[in-house]
Every structure is written in structure tokens, then in C-alpha cells.
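One letter stands for each residue in the lines below.
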Amino acid sequence: MAISGSKNAALAIIGAAMALDGPCIIYNLPQVRDVNLFLEVCADIGATVEKVAPHKVRIDPTTISSPEAISPKVSMLRGSYYLLGALQSRFGSCKVTMPGGCNLGVRPIDLHIKGFKALGSDVDIIYRNINGEEIWFRYDGGVALPGQGEPDSFTLDPAFIHCKNPTGKMKPASIFLDTVSVGATVNIMIAAVKADGITIIDNAAREPHIVDVANFLNTMGADIRGAGTETIRIKGKPYLPANKEYMIIPDQIEAGTYMMMAPLTGGDITVTNIIPTHMEPLSAKLQEMGVGIEEGEESIRVYTKPGQILQATSIKTMPYPGFPTDLQPQVTTLLSQAEGTSRVIETVWESRFGYVSELNKMGANIVISGRLAVITGGTELTGSRVRALDLRGGMAVTMAGLVARGETVVENTSVVERGYEEAIRKIRSLGGAIDRFEELTGRSR
Ligand code: UD1
């Protein structure tokens, strides 16, 4: 099973490409909704985007004339926040609609804003009142101060973010992130890439796609060191000539999802086109559960040992190199089939157990208490009608359907397609009995 390019790396790299001063070619682009939508957003703001092959895109950002990305499409994506960093980096200012993404509880962007402010920008959040008039609040030391309008306007949905550096360009800074944040680390890195001097980001996130974005920008002419450690040093370069090609890393979350399908179904699956070291947090847990793992250079075989019964375990999600939160729902499905009681603690997102009620409908025995899930394993799952509530949670219930007795119908699977390339085809190629039905229009393949 060949793994596609990383969705989250692709979003960050496409965003970073908007800061360049020349065209670039990106390979191993995953064909998923979020990425395609983000490319559309970039084209809408004036970048020249050519899909030269299904997994290859040529992007020329030099055709962007105005740093404004205001549209409902922007609010359908989390990764669109990278436009804030990239457009400020190139133009010294930007207006970008508030980002969206899966509902995992509160998803603040205060650390991004803290970084932009340290780099010299004023940041205003623009709201609209019921008459459609704009009301702005200036972000000041993490507290939003009213510029004009009513105090109760805080209850309104923000319309867009306006960042403006009075000098017209970003100034270098030393920035300590209070919380380890993937998005803030990447966004500040992109925003600082052309600042006149050296920017340091401390307590940076270390996820593989942070290294990937730094490698991408360096290939295009930037000078970024330390990505993958907790201190990143960015020496600003006034001009990023680009005119180069870059290959996105494999998707660690997609790989982990298919790896877990082997023990879930008592099968034997080899995932290829991956970087095995990125999979260590999961491989170690699977081994603890009694699953067979064989690492190749760019592949991992995951197999069920003869007579092996899957063992319960405890898992705590953490920033990389800890266990990824984006594999938490899928591992919970797997643990519902393990012998004994497992515990899963979610430390990254405040509300990421929504899918559990759907698993319980299928016969799982999972009790949630705040950020803790206690899973009594070994219960038989029964086919049911369930709902994909978000990207990874949707995949978790789909996986449960593979081992449930009888037929499972998963509604709202479009959220799964936001991040998994050709999930139906891939699961079928592994032997899963899965098909796609379009509601109302009947069956389609
Ligand atoms: C990215 C991924 C998402 C993944 C997450 C954690 C993308 C598009 N999305 O999301 O799939 O689940 O990393 O691996 O790449 N936080 C703040 N203030 C901020 C930013 C974040 O308090 O300004 C907090 C968040 O509430 C959360 C934690 O930091 O508790 C981690 O969030 P972050 O790493 O920023 O996640 P995203 O980059 O949004």
C-alpha cells in the first residue's frame, strides 16, 4: 500500500510558496480536498497554479498583486492561516479570513498573532455587526482591545484578520512559544523568512512537516536552521529566487491509519513510500500490543502473529515525537478490539472524543471523562448507521465498520476525503469490503 504525500506538509508548503519571488514545482502532492481547496484559494488571490500531473503542481506566486484572501473558502480550511505568514513576509501586510478546520474544541491562533506582533506587525481582528459594518479589535499582548463598536461584539464571528507592519516589512525577533504549536511554529518561520536579520523561535514544535517546510524554503533560497529541534534560527533573505523543484514527505498519519488496519482485522499489511522513523511512536505502541512489525528502508510490514491476542495499552497524545493526536481516534477503534482495559489521554485538543458515541453505538464500551477515554476492549462490534463527525474520527468509525458484524453505513464521509487520498480504493485494495454510496443519487463507484 503506497502512502501519499503529507496533507499537513502540503498545506504548509503551498502556503510558504506564496512568500517566494519565483515559481516552484511541488511533487508528491496528495490529491485530497483540503489541498485542492487551498490551491484554489491561492489561485483566487492571483497566484498562477498549474496542476501539471495529479500529484505535481507548478506554482508561481509572483502574479499575486494584492495580499488579500477574503472568501468563505478560506474559512473552510485550517491550513489557510499560513497565508498570514506568507503574505506578510512578501508584502508586509495582509487581510485573511479567519481559518476553519475540524471542530476539536477551541482552536486559538493567539500564538501566531504573538509571533507576528513580535515581528513588528499590528494585528486587528475585524468583526461584522448585524448591519454588516466592520468593527475592529487590536490584539495587544494577547488581549483584544476594542477599536470601535459595541463590547458585546465579541460574541460575533470574526470576519478576517488584518496584519500590517508599519515599516512595510517584517523585523527579526526572538520568540518563545508558550505552547508547542505546529501551526504557529510554521507560520512564524514563514513570516520571518525575509526579515532583515536573525529570528529565533524557542519551544518550537518538531513535527516532520516542520522540517519539510524548512527544507522547502531552504531549497528555494532561505536560510533556516534547527527545524526538528526546539530552537529554530531563521536568517532572513530579502529575495527568495525559487525556480526549483521539491518533493513533499509521505503522510505519517495516513501511514499510521493503514498500519493499524492490520491488527484490527487480523491481517498483514505493508505500507510503502514512508519514512519509518516518523512512525516510531505508533510502531512502539503496536509492538507493546503484541503486533509484529518489520521495518524496511522506506516501508513497514505490520502483521498479526499466529495465535496472538491484541493486548490493551495506555496512550497519551503529545507533540512529536510523542504519539500523534491525529492517530488518536483510529487507535481507540483498535483498542476497542484488544483484550483488557486501555486508557487514552488526549493532551493536545480539548474536545477530540466526539466519534466515541458513534463507536459505542456499534457496541464498543468506551467511557469518556474529560480528556480521558477508558476502553473496555474485546467487545463485538455490530454494523450500524454512524456519522463521520470529523476527518480522523470519521476514519475511526470507518475502520470499526471493517470489523463489525454486518453492514455499517458511514454518513458524511466527505470530511474523511478532506485528508485521505482515495480511501475507498485503498481500503478495497487491502481486501476491505467497502463501497461508496451517494445519498439521493444512488450508488456510485
Ligand atoms: C496541526 C494539524 C492538526 C494536528 C495538530 C497537532 C494542520 C493543518 N493541522 O494543527 O491536524 O492535530 O497540528 O498535531 O497542520 N494553540 C494555542 N494557540 C495557538 C495555536 C495553538 O493555544 O495560537 C494550542 C491548540 O489549542 C492546541 C495546541 O496548541 O491545544 C496544538 O495546536 P497546533 O499544534 O497549533 O495545531 P494546528 O497547527 O492548528
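Here is a short report on the structure shown in this document. Per chain, the residues get numbers from 1 upward, laid out in the order the sequence is written. Totals for whole chains, interfaces and linings use all residues, but because this is a predicted model, local features are given only for residues with pLDDT of at least 70 and pairs of side-chain atoms are given and counted only at 80 or more. Excluding hydrogens and water, the side-chain values take into account all heavy atoms of the structure.

### Focus: the overall build of the protein chain
Here a strand is any run of E in DSSP of at least two residues, a helix any run of H or I of at least four, and the numbering for each starts at the N terminus. The secondary structure content of the protein chain amounts to 13 helices and 25 strands. The globule rule puts the C-alpha radius of gyration for 445 residues at 22 Å, and the 22 Å found for the protein chain is close to it. Along the longest, intermediate and shortest principal axes, the C-alpha atoms of the protein chain span 70 × 50 × 45 Å. Three labels apply to residues, based on accessible area from a 1.4 Å probe with only protein chains included: buried if under 20% of the type maximum, exposed if over 50%, partly exposed otherwise in between. The buried share of the protein chain, reckoned over its 445 residues, is 54%. Note on contacts: a residue pair is in contact if any heavy atoms of the two residues lie within 4.5 Å. Taking all contacts inside the protein chain whose residues are at least 6 apart in sequence as the whole, residues at least 24 apart take part in 70%. Only four residue types enter the charge count: Lys and Arg as positive, Asp and Glu as negative, with His and the chain ends excluded. Charge positions come from single atoms, namely NZ of Lys, CZ of Arg, CG of Asp or CD of Glu. Within the protein chain, one finds 43 positive and 48 negative side-chain charges whose respective centroids are separated by 2 Å. Radius of gyration here is computed from C-alpha atoms only, and the compact-globule reference equals 2.2 Å multiplied by the residue count raised to the power 0.38.

### Details of the pattern of salt bridges
A side-chain nitrogen of Lys or Arg and a carboxyl oxygen of Asp or Glu constitute a salt bridge if their distance falls within 4 Å. All told, the structure shown has 19 salt bridges when counted by the stated rule. Salt-bridge contacts for Arg-418 lead to Asp-34; the nearest nitrogen and oxygen are separated by 2.9 Å. Residue Arg-418 is located in the loop between helix H12 (414-417) and helix H13 (423-429), and its partner Asp-34 is located in helix H2 (residues 33-44); the two are separated by 384 residues in the primary sequence. Given a relative accessible area of 3%, Asp-34 falls into the buried group. One connected set of salt bridges, linked through shared partners, spans Lys-7, Asp-34 and Arg-418.

### A short note on empty space enclosed by the protein
A pocket here means an open set of points on a 1 Å grid, computed over the protein atoms alone, that has protein on both sides within 12 Å along at least five of seven lines. A cavity is instead a set of points where a 1.4 Å probe fits but cannot get out; residues with an atom within 4 Å of a point line either one. Grid points are joined across faces, edges and corners, and a volume is the space filled by probe spheres set on the points. Across all of its chains, the model carries 1 cavity of 30 Å³ or more by this definition. Estimated volume of the largest cavity: approximately 30 Å³. In terms of lining residues, the largest cavity is bounded by Pro-250, Asp-251, Gln-252, Ala-255, Ile-274, Ile-275, His-278 and Met-279. The residue makeup of the lining of the largest cavity, split by class, is 5 nonpolar, 2 polar and 1 charged. Residue type decides the class: Asp, Glu, Lys and Arg count as charged, Ala, Val, Leu, Ile, Met, Phe, Trp, Tyr, Cys and Pro as nonpolar, and the leftover types, Gly among them, as polar.

### Focus on the state of the cysteines
When two cysteine sulfur atoms lie within 2.5 Å, the pair is treated as a disulfide. As enumerated under the stated definition, the model contains 0 disulfides in all. Cys-24 takes part in no disulfide bond, and the closest cysteine sulfur to it belongs to Cys-42, at a distance of 10 Å. Note on Cys-24: relative accessible area 1%, which makes it buried.

### Regarding the side chain of Lys-426
Assignment of secondary structure puts Lys-426 in helix H13. Under the relative-accessibility criterion, Lys-426 is labelled buried at 4%. The definition of a polar contact used here is a pair of N or O atoms within 3.5 Å, where within protein one atom must be able to donate a hydrogen and the other to accept one, and adjacent residues in sequence count solely through side-chain atom pairs. Looking at Lys-426, its side chain comes within polar contact range of the main-chain oxygen of Ala-2, at 3.1 Å. Polar contacts involving the side chain of Lys-426 include one to the side chain of Glu-254, which spans 2.7 Å. In this view, Lys-426 contacts Met-1, Ala-2, Ile-3, Ser-4, Glu-254, Tyr-258 and Glu-421; residues no more than four positions away in its chain are not counted.

### Quick notes on the site of the ligand
Any residue with a heavy atom lying within 4 Å of a molecule or strand is counted as near it. What surrounds the ligand is a group of 20 residues, the closest being Tyr-81, Ser-181, Val-182, Asp-326 and Val-348. For the ligand, an oxygen atom lies 2.6 Å from a polar atom in the side chain of Ser-181. At 2.6 Å, a side-chain N or O of Asp-326 approaches an oxygen atom of the ligand. When residues of the shell around the ligand are traced back to their parent elements, those giving at least two are helix H4 (110-118) and helix H5 (182-191). Taken together, the residues of the shell around the ligand sort by class into 9 nonpolar, 6 polar and 5 charged.

### What to know about the packing of aromatic side chains
The geometry of two aromatic rings is summed up by the distance between their centres and the angle between their planes. Stacked, edge-to-face and tilted labels apply to pairs of Phe, Tyr and Trp rings (six-membered ring for Trp) whose centres lie within 6.5 Å, assigned for plane angles under 30 degrees, over 60, and everything in between, in that order. Under the criterion given, the structure shown has 3 aromatic pairs. An angle of 80° between the planes, with centres 5.6 Å apart, marks the rings of Phe-216 and Tyr-246 as edge-to-face. You can see Phe-216 sitting in helix H6 (residues 208-219) and its partner Tyr-246 sitting in strand S14 (residues 244-247), a full 30 residues away along the chain. As far as burial versus exposure is concerned, Phe-216 and Tyr-246 are alike and both buried. For a Lys NZ or an Arg CZ to count as sitting over a ring, it must be within 6 Å of the ring centre and within 35 degrees of the ring normal. For the cation-ring pair, Arg-301 lies above Tyr-303, with the distance from its terminal atom to the ring centre recorded as 4.1 Å.

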